[in-house]
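# Fold and geometry: a report
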Amino acid sequence: MSEAARTVMIRNVSNVIPIYHMQSFKLPDVTIKKLNYAQQAFWRNKKTNKDLQNPSQPKQGCSVSHNYTHVHQLFTVGTAEWDKDLLNILFSVTIVDFILSISIHPARSDRMIWILEKNESFSVKSSYHKMMQESSLSQPVDIRMSKIYCRLWKLPTLPRIKHFLWKAISDLLSTKNVLGPAVVGEDDSCPMCNLHPESATHLIMNCTFSRAIWFATLGWTSNSTGSLQEWIASWFDILQNGSIKEAEIINRVIIAWNIWTTRCNKVLQQKNPTPEVIIQQCKTLMDEHTLMTYNSLQPSLRVNRVNVH
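Overview of the structure. (Residues numbered from 1 in each chain as written. Predicted model: local features only at pLDDT ≥ 70, side-chain atom pairs only at ≥ 80, totals over all residues. Heavy atoms only, no water.)

This next bit is on the overall build of the protein chain. From N to C terminus, the protein chain includes 14 helices and zero strands. Considering the protein chain as a whole, with its 309 residues, one finds that 28% of them fall into the buried category. (Helix = DSSP H or I, 4+ residues; strand = E, 2+ residues; numbered from the N terminus. Buried < 20%, exposed > 50% of the residue type's maximum accessible area, 1.4 Å probe, protein only.)

Structure, rendered in C-alpha coordinates:
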(Lines give C-alpha, C1' and ligand atoms only; values in the text may rest on other atoms or scores of the structure.)
Protein backbone atom coordinates (compact mmCIF):
# COMPACT_ATOMS: atom_id res chain seq x y z
CA MET A 1 0.00 0.00 0.00
CA SER A 2 1.38 3.40 -0.96
CA GLU A 3 2.14 6.11 1.60
CA ALA A 4 -0.76 8.24 0.40
CA ALA A 5 -3.18 5.30 0.72
CA ARG A 6 -1.88 4.58 4.21
CA THR A 7 -2.41 8.23 5.12
CA VAL A 8 -6.05 8.12 3.98
CA MET A 9 -6.64 4.88 5.87
CA ILE A 10 -5.02 6.17 9.06
CA ARG A 11 -7.03 9.37 8.90
CA ASN A 12 -10.33 7.49 8.59
CA VAL A 13 -9.45 5.01 11.33
CA SER A 14 -8.18 7.74 13.67
CA ASN A 15 -11.53 9.51 13.38
CA VAL A 16 -13.31 6.37 14.56
CA ILE A 17 -10.99 5.23 17.35
CA PRO A 18 -11.67 8.14 19.76
CA ILE A 19 -15.43 7.66 19.43
CA TYR A 20 -15.06 3.96 20.24
CA HIS A 21 -12.93 4.69 23.29
CA MET A 22 -15.30 7.40 24.49
CA GLN A 23 -18.15 4.89 24.39
CA SER A 24 -16.21 2.08 26.06
CA PHE A 25 -13.64 3.64 28.38
CA LYS A 26 -13.20 6.64 30.57
CA LEU A 27 -11.13 9.32 28.88
CA PRO A 28 -8.06 10.70 30.69
CA ASP A 29 -8.69 13.79 32.77
CA VAL A 30 -6.23 15.76 30.68
CA THR A 31 -8.21 15.09 27.49
CA ILE A 32 -11.51 15.97 29.18
CA LYS A 33 -10.05 19.22 30.52
CA LYS A 34 -8.83 20.19 27.05
CA LEU A 35 -12.25 19.49 25.51
CA ASN A 36 -13.97 21.48 28.25
CA TYR A 37 -11.50 24.29 27.80
CA ALA A 38 -12.23 24.42 24.08
CA GLN A 39 -15.94 24.75 24.81
CA GLN A 40 -15.45 27.39 27.50
CA ALA A 41 -13.04 29.37 25.34
CA PHE A 42 -15.64 29.46 22.57
CA TRP A 43 -18.25 31.07 24.81
CA ARG A 44 -15.75 33.56 26.19
CA ASN A 45 -14.71 34.60 22.70
CA LYS A 46 -15.70 38.19 21.96
CA LYS A 47 -16.72 37.36 18.41
CA THR A 48 -19.24 34.73 19.48
CA ASN A 49 -20.50 36.36 22.67
CA LYS A 50 -20.55 40.12 22.21
CA ASP A 51 -23.31 40.88 24.71
CA LEU A 52 -21.76 39.12 27.70
CA GLN A 53 -18.02 38.54 27.40
CA ASN A 54 -17.44 37.18 30.92
CA PRO A 55 -19.53 34.99 33.25
CA SER A 56 -22.11 36.90 35.30
CA GLN A 57 -20.85 38.08 38.67
CA PRO A 58 -23.10 38.83 41.70
CA LYS A 59 -23.49 42.38 42.92
CA GLN A 60 -20.95 43.64 45.39
CA GLY A 61 -22.13 43.18 48.92
CA CYS A 62 -24.55 40.37 48.07
CA SER A 63 -24.31 37.93 50.98
CA VAL A 64 -26.58 35.15 49.64
CA SER A 65 -24.94 34.54 46.26
CA HIS A 66 -23.11 31.46 47.55
CA ASN A 67 -26.46 29.72 48.08
CA TYR A 68 -27.16 29.66 44.34
CA THR A 69 -24.86 27.53 42.21
CA HIS A 70 -27.21 26.22 39.48
CA VAL A 71 -29.35 27.98 36.91
CA HIS A 72 -32.54 26.15 37.87
CA GLN A 73 -32.33 27.79 41.31
CA LEU A 74 -33.07 31.11 39.64
CA PHE A 75 -36.50 29.88 38.51
CA THR A 76 -39.71 30.44 40.39
CA VAL A 77 -40.55 27.27 42.32
CA GLY A 78 -42.92 25.01 40.39
CA THR A 79 -42.69 27.00 37.16
CA ALA A 80 -40.31 27.51 34.29
CA GLU A 81 -40.05 31.28 34.69
CA TRP A 82 -37.27 33.48 35.98
CA ASP A 83 -37.57 34.68 39.58
CA LYS A 84 -37.27 38.43 38.96
CA ASP A 85 -37.06 39.36 42.63
CA LEU A 86 -34.19 36.95 43.20
CA LEU A 87 -32.38 38.14 40.07
CA ASN A 88 -32.59 41.75 41.28
CA ILE A 89 -31.06 40.70 44.57
CA LEU A 90 -28.16 38.83 43.02
CA PHE A 91 -27.28 40.84 39.90
CA SER A 92 -27.14 44.35 38.54
CA VAL A 93 -29.87 45.78 36.35
CA THR A 94 -27.87 45.18 33.14
CA ILE A 95 -27.30 41.51 33.98
CA VAL A 96 -30.93 41.04 35.00
CA ASP A 97 -32.19 42.46 31.70
CA PHE A 98 -29.84 40.17 29.80
CA ILE A 99 -30.98 37.08 31.75
CA LEU A 100 -34.65 37.94 31.29
CA SER A 101 -34.09 38.19 27.53
CA ILE A 102 -33.19 34.49 27.48
CA SER A 103 -36.35 32.59 26.60
CA ILE A 104 -37.18 29.36 28.40
CA HIS A 105 -38.92 26.48 26.65
CA PRO A 106 -40.49 24.26 29.33
CA ALA A 107 -41.72 21.75 26.74
CA ARG A 108 -38.18 21.00 25.58
CA SER A 109 -35.76 18.87 27.52
CA ASP A 110 -32.14 19.90 28.04
CA ARG A 111 -29.52 18.21 25.90
CA MET A 112 -25.80 18.35 25.35
CA ILE A 113 -24.59 19.95 22.12
CA TRP A 114 -21.15 20.42 20.55
CA ILE A 115 -20.90 24.09 19.67
CA LEU A 116 -17.91 23.70 17.34
CA GLU A 117 -19.98 21.92 14.68
CA LYS A 118 -23.03 23.21 12.79
CA ASN A 119 -24.89 19.95 13.35
CA GLU A 120 -24.15 20.24 17.11
CA SER A 121 -22.57 16.76 17.13
CA PHE A 122 -19.10 16.02 18.47
CA SER A 123 -16.28 15.43 16.01
CA VAL A 124 -12.60 14.72 16.55
CA LYS A 125 -11.71 17.09 13.72
CA SER A 126 -13.32 20.17 15.27
CA SER A 127 -11.92 19.48 18.73
CA TYR A 128 -8.44 18.91 17.32
CA HIS A 129 -8.56 22.16 15.34
CA LYS A 130 -9.69 24.08 18.42
CA MET A 131 -6.95 22.55 20.56
CA MET A 132 -4.33 23.43 17.93
CA GLN A 133 -5.60 27.01 17.78
CA GLU A 134 -5.28 27.35 21.55
CA SER A 135 -1.85 25.69 21.63
CA SER A 136 1.10 28.04 21.73
CA LEU A 137 3.21 25.46 19.89
CA SER A 138 1.31 25.76 16.62
CA GLN A 139 2.62 28.29 14.12
CA PRO A 140 0.02 29.94 11.88
CA VAL A 141 0.40 29.50 8.13
CA ASP A 142 0.75 32.75 6.21
CA ILE A 143 -1.77 33.72 3.54
CA ARG A 144 0.55 32.84 0.65
CA MET A 145 1.26 29.31 1.85
CA SER A 146 -2.38 28.78 2.77
CA LYS A 147 -3.40 29.51 -0.84
CA ILE A 148 -0.62 27.24 -2.11
CA TYR A 149 -1.78 24.35 0.09
CA CYS A 150 -5.37 24.77 -1.08
CA ARG A 151 -4.31 24.75 -4.72
CA LEU A 152 -1.93 21.83 -4.12
CA TRP A 153 -4.60 19.48 -2.78
CA LYS A 154 -6.90 20.34 -5.70
CA LEU A 155 -4.40 19.33 -8.38
CA PRO A 156 -5.93 16.70 -10.70
CA THR A 157 -3.36 13.98 -10.09
CA LEU A 158 -2.87 10.86 -8.00
CA PRO A 159 -3.16 11.19 -4.20
CA ARG A 160 0.32 9.69 -3.73
CA ILE A 161 1.82 12.42 -5.93
CA LYS A 162 -0.03 15.18 -4.10
CA HIS A 163 1.10 13.70 -0.80
CA PHE A 164 4.70 13.74 -2.01
CA LEU A 165 4.38 17.36 -3.14
CA TRP A 166 2.98 18.37 0.25
CA LYS A 167 5.89 16.69 2.03
CA ALA A 168 8.38 18.32 -0.32
CA ILE A 169 7.05 21.84 0.11
CA SER A 170 6.80 21.30 3.88
CA ASP A 171 10.40 19.99 4.12
CA LEU A 172 9.25 16.58 5.37
CA LEU A 173 11.05 14.28 2.93
CA SER A 174 13.11 11.65 4.78
CA THR A 175 16.50 12.47 3.31
CA LYS A 176 19.76 11.69 5.08
CA ASN A 177 20.27 15.20 6.39
CA VAL A 178 16.83 15.02 8.03
CA LEU A 179 17.19 11.52 9.49
CA GLY A 180 20.66 12.23 10.86
CA PRO A 181 23.64 9.94 11.54
CA ALA A 182 21.77 8.05 14.26
CA VAL A 183 19.55 6.52 11.55
CA VAL A 184 21.61 6.49 8.36
CA GLY A 185 25.10 6.22 9.85
CA GLU A 186 28.15 8.23 8.90
CA ASP A 187 27.55 8.09 5.13
CA ASP A 188 25.39 11.11 4.29
CA SER A 189 26.21 11.22 0.58
CA CYS A 190 23.53 11.36 -2.09
CA PRO A 191 22.76 7.78 -3.22
CA MET A 192 22.28 8.93 -6.83
CA CYS A 193 25.58 10.74 -7.42
CA ASN A 194 27.68 9.95 -4.30
CA LEU A 195 29.28 13.39 -4.64
CA HIS A 196 27.42 15.69 -2.23
CA PRO A 197 25.52 15.34 1.08
CA GLU A 198 21.95 14.32 0.48
CA SER A 199 19.21 16.89 1.05
CA ALA A 200 15.83 17.36 -0.58
CA THR A 201 17.10 20.41 -2.47
CA HIS A 202 20.16 18.60 -3.78
CA LEU A 203 18.33 15.39 -4.67
CA ILE A 204 15.47 16.97 -6.64
CA MET A 205 17.17 20.06 -8.07
CA ASN A 206 20.97 19.91 -8.13
CA CYS A 207 22.00 16.26 -8.40
CA THR A 208 23.58 15.39 -11.75
CA PHE A 209 21.22 12.42 -12.05
CA SER A 210 18.17 14.62 -11.43
CA ARG A 211 19.32 17.39 -13.76
CA ALA A 212 19.64 14.83 -16.56
CA ILE A 213 16.04 13.74 -15.93
CA TRP A 214 14.74 17.32 -15.94
CA PHE A 215 16.56 18.22 -19.14
CA ALA A 216 15.53 15.05 -21.01
CA THR A 217 11.83 15.43 -20.15
CA LEU A 218 11.21 19.19 -20.15
CA GLY A 219 14.28 20.51 -21.95
CA TRP A 220 15.54 22.64 -19.07
CA THR A 221 16.99 22.40 -15.56
CA SER A 222 16.48 24.52 -12.49
CA ASN A 223 18.61 27.63 -12.17
CA SER A 224 17.21 28.50 -8.76
CA THR A 225 19.69 29.06 -5.95
CA GLY A 226 17.10 28.71 -3.22
CA SER A 227 15.69 25.69 -1.45
CA LEU A 228 13.34 23.07 -2.86
CA GLN A 229 10.50 24.54 -0.82
CA GLU A 230 11.01 28.00 -2.31
CA TRP A 231 11.28 26.56 -5.81
CA ILE A 232 8.02 24.61 -5.56
CA ALA A 233 6.23 27.59 -4.01
CA SER A 234 7.35 29.71 -6.97
CA TRP A 235 5.53 27.27 -9.28
CA PHE A 236 2.21 28.16 -7.68
CA ASP A 237 3.06 31.88 -7.68
CA ILE A 238 3.56 31.93 -11.44
CA LEU A 239 0.50 29.69 -11.83
CA GLN A 240 -1.50 32.31 -9.95
CA ASN A 241 -0.14 34.99 -12.30
CA GLY A 242 -1.17 32.96 -15.34
CA SER A 243 2.38 32.53 -16.65
CA ILE A 244 2.03 28.74 -16.78
CA LYS A 245 -0.86 26.30 -16.82
CA GLU A 246 -1.83 23.69 -14.29
CA ALA A 247 -0.69 20.91 -16.65
CA GLU A 248 2.87 22.25 -16.43
CA ILE A 249 2.74 21.99 -12.63
CA ILE A 250 1.56 18.39 -12.95
CA ASN A 251 4.45 17.54 -15.28
CA ARG A 252 7.00 19.03 -12.87
CA VAL A 253 5.49 17.18 -9.92
CA ILE A 254 5.53 13.88 -11.84
CA ILE A 255 9.24 14.29 -12.59
CA ALA A 256 10.12 15.19 -9.00
CA TRP A 257 8.04 12.28 -7.70
CA ASN A 258 9.77 9.81 -10.04
CA ILE A 259 13.17 11.06 -8.90
CA TRP A 260 12.16 10.56 -5.27
CA THR A 261 10.71 7.06 -5.81
CA THR A 262 13.84 6.06 -7.74
CA ARG A 263 15.98 7.21 -4.83
CA CYS A 264 13.83 5.27 -2.33
CA ASN A 265 13.94 2.11 -4.44
CA LYS A 266 17.72 2.31 -4.62
CA VAL A 267 18.16 2.90 -0.88
CA LEU A 268 15.54 0.48 0.39
CA GLN A 269 15.40 -2.21 -2.31
CA GLN A 270 18.85 -1.89 -3.90
CA LYS A 271 17.31 -1.22 -7.33
CA ASN A 272 19.44 0.83 -9.70
CA PRO A 273 17.50 1.74 -12.87
CA THR A 274 19.18 3.73 -15.61
CA PRO A 275 18.22 7.36 -16.33
CA GLU A 276 16.66 6.21 -19.60
CA VAL A 277 14.15 4.07 -17.70
CA ILE A 278 13.20 6.96 -15.39
CA ILE A 279 12.84 9.33 -18.32
CA GLN A 280 10.50 6.90 -20.07
CA GLN A 281 8.44 6.49 -16.88
CA CYS A 282 8.10 10.26 -16.56
CA LYS A 283 7.01 10.67 -20.18
CA THR A 284 4.49 7.83 -19.86
CA LEU A 285 2.88 9.34 -16.76
CA MET A 286 2.83 12.79 -18.33
CA ASP A 287 1.15 11.42 -21.47
CA GLU A 288 -1.41 9.52 -19.38
CA HIS A 289 -2.24 12.66 -17.43
CA THR A 290 -2.62 14.67 -20.65
CA LEU A 291 -4.93 12.02 -22.09
CA MET A 292 -6.97 11.86 -18.88
CA THR A 293 -7.37 15.66 -18.86
CA TYR A 294 -8.38 15.66 -22.54
CA ASN A 295 -11.00 12.95 -22.01
CA SER A 296 -12.47 14.75 -19.01
CA LEU A 297 -12.98 17.91 -21.11
CA GLN A 298 -14.75 16.11 -23.96
CA PRO A 299 -18.58 16.34 -23.89
CA SER A 300 -20.33 13.05 -23.40
CA LEU A 301 -22.01 11.67 -26.50
CA ARG A 302 -25.77 11.35 -26.29
CA VAL A 303 -27.78 8.99 -28.46
CA ASN A 304 -31.21 10.26 -29.45
CA ARG A 305 -33.65 7.42 -29.58
CA VAL A 306 -36.70 7.71 -31.81
CA ASN A 307 -39.80 5.66 -31.28
CA VAL A 308 -40.29 3.97 -34.65
CA HIS A 309 -43.59 2.44 -33.69
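Structure shown, so let's carry the discussion forward.
Time to look at helix 4 (residues 93–100). What helix 4 keeps buried is the set Ile95, Val96 and Ile99. Within helix 4, the buried residues cover an arc of 100° as seen down the axis, which keeps them to one side. In helix 4, the exposed positions angled more than 90 degrees off the buried face are occupied by Val93 and Thr94. (Arc of directions from axis to C-beta.)

Relative to the helices and strands, threonine 157 resides in the loop between helix 6 (143–153) and helix 7 (159–169). Judged by relative accessible area, which is 17%, threonine 157 ranks as buried. Aside from chain neighbours lying at most four places away, what touches threonine 157 is Lys162 and Ile250. (Contact = heavy atoms within 4.5 Å.)

The backbone phi angle of glutamate 120 is positive, close to 65°, even though this residue is not glycine. Its place among the elements puts glutamate 120 in the loop between helix 4 and helix 5 (124–134). Positive phi values are uncommon outside glycine, yet glutamine 270 reaches one of about 55°. Inspection of the secondary structure assignment puts glutamine 270 in the loop between helix 13 (246–269) and helix 14 (275–297).

What follows covers the packing of aromatic side chains. To describe a pair of aromatic rings, one takes the distance between the centres and the angle between the planes. Counting across every chain of the model gives seven aromatic pairs. Ring centres of tryptophan 114 and phenylalanine 122 lie 4.9 Å apart, and the angle between their planes is 80°; this geometry places the pair in the edge-to-face category. By relative accessible area, phenylalanine 122 is classed as partly exposed at 31%. Between tryptophan 231 and tryptophan 235 the ring centres are 5.0 Å apart and the planes differ by 75°, which places this aromatic pair in the edge-to-face class. Residue tryptophan 231 and its partner tryptophan 235 are located together in helix 12 (residues 228–241), separated by four residues, close to a single helical turn. (Phe/Tyr/Trp six-rings, centres within 6.5 Å; stacked < 30°, edge-to-face > 60°.)

As enumerated under the stated definition, the model contains four salt bridges in all. Notably, a salt bridge pairs aspartate 237 with arginine 144, separated by 2.7 Å at the nearest N-O pair. Of this pair, aspartate 237 sits in helix 12 while arginine 144 sits in helix 6, and the two are 93 residues apart along the sequence. Classification of aspartate 237 by relative accessible area gives partly exposed; the value is 27%. Accessibility expressed as a relative area gives 40% for arginine 144, which makes it partly exposed. Close ionic contact of glutamate 246 with arginine 151 constitutes a salt bridge, the shortest N to O distance being 3.8 Å. Taken together, the residues glutamate 246 in helix 13 and arginine 151 in helix 6 connect sequence positions 95 residues apart. Judged by relative accessible area, which is 27%, glutamate 246 ranks as partly exposed. A residue is classified by how much of its surface remains accessible, and arginine 151, at 32% relative accessible area, is partly exposed. (Salt bridge = Lys/Arg side-chain N within 4 Å of Asp/Glu carboxyl O.)

Of all the residues in helix 11 (residues 208–218), the buried ones are Phe209, Ser210, Ile213, Trp214 and Thr217. Looking straight down helix 11, one finds its buried side chains confined to an arc of 135°; they lie on one side. Turned more than 90 degrees away from the buried face of helix 11, the exposed residues are Thr208 and Phe215. Remark: glycine 219 follows helix 11 within two positions and exhibits a positive phi of approximately 85°.

A few words on the nonpolar core. Counting residues in each nonpolar core, the largest one holds 43 residues, and the members touching the most others are Ile204, Leu228, Trp235 and Phe236. For this core, the elements supplying multiple residues, two or more each, are helix 6, helix 7, helix 10 (200–206), helix 11, helix 12, helix 13 and helix 14. Ranked by residue count, the leading element in this core is helix 13, at ten residues. Excluding anything up to four places from it in sequence, isoleucine 204 contacts Phe164, Ser210, Trp214, Leu228, Ala256, Ile259 and Trp260. (Core = buried A, V, L, I, M, F, W, Y, C linked by side-chain atoms within 4.5 Å.)

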